[in-house]
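# Architecture and fold: a report
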Amino acid sequence: MKYKIYVTGSAGLYDLGEYTKEETEYCLNWLILEEQTKEKILVIEHNYKDNIEFPVFVYYGKEQEYIDFINYLNSDETRVTKCFRKRK
């Protein structure tokens, strides 16, 4: 499972790249806690096995939503993209 991170900019969404779970947490910690960014952040979960992408986190400046997402990353619960089935 990989996570794509996008940040809003003057020309729309800016792609920061694709990261593993640990790298995603590190990148978001840096953006939100250290840089204290005022920009909106979008994280999309990419399930390569089933070829599914789904937005799992949008940051609008509320720290509790960020904490909930970090808990989601670190939990063993079923991922959002695992809830979908391919049509046959």
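That block above? That's the structure.
The model shown is predicted, which means the values in this text are computed figures rather than measured ones.

## With respect to the overall build of the chain
- Scanning the chain for helices and strands turns up 2 helices and 4 strands.
- What you see in the chain, going N to C, is helices and strands ordered as β-β-α-β-β-α.
- Evaluated residue by residue, the chain yields a buried proportion of 32% over its 88 residues.
- Of the accessible surface of the chain, which amounts to about 6,200 Å², a share of 49% is contributed by carbon and sulfur atoms.

## Quick word on helix α1 (residues 21-34)
- Over its 14 residues, α1 extends 19 Å from the first C-alpha to the last, a length consistent with the 20 Å expected when each residue adds 1.5 Å.
- In the stretch just after α1, glutamine 36 is the one whose phi turns positive, near 50°.

## Observations concerning the pattern of salt bridges
- Under the criterion given, the structure shown has 1 salt bridge.
- For the salt bridge of lysine 4 with glutamate 53, the shortest nitrogen-to-oxygen distance reads 2.4 Å. Taken as a pair, lysine 4 in strand β1 (residues 2-9) and glutamate 53 in strand β4 (residues 52-59) lie far apart in primary sequence, 49 residues in all.
- Here lysine 4 falls in the buried class, since its relative accessible area comes to 17%.

## Brief notes about the environment of leucine 13
- Topologically, leucine 13 is positioned in strand β2 (residues 12-19).
- C-alpha separation for the pair leucine 13 and lysine 40, spaced 27 residues apart in sequence, amounts to 9.1 Å.
- Sequence-distant contacts of leucine 13, that is, excluding residues within four places in its chain, are made with Tyr6, Val7, Thr8 and Leu42.

## Regarding unusual backbone geometry
- Unusually for a residue other than glycine, glutamine 36 sits at a positive phi of about 50°.
- Mapped onto the elements, glutamine 36 comes out in the loop between α1 and β3 (41-47).

Reading the values: rules and limits
- Residues numbered from 1 in each chain as written.
- Predicted model: local features only at pLDDT ≥ 70, side-chain atom pairs only at ≥ 80, totals over all residues.
- Heavy atoms only, no water.
- Helix = DSSP H or I, 4+ residues; strand = E, 2+ residues; numbered from the N terminus.
- Buried < 20%, exposed > 50% of the residue type's maximum accessible area, 1.4 Å probe, protein only.
- Areas by Shrake-Rupley, 256 points an atom, 1.4 Å probe, with all protein chains shown as cover.
- Expected span 1.5 Å × (residues − 1).
- Salt bridge = Lys/Arg side-chain N within 4 Å of Asp/Glu carboxyl O.
- Contact = heavy atoms within 4.5 Å.

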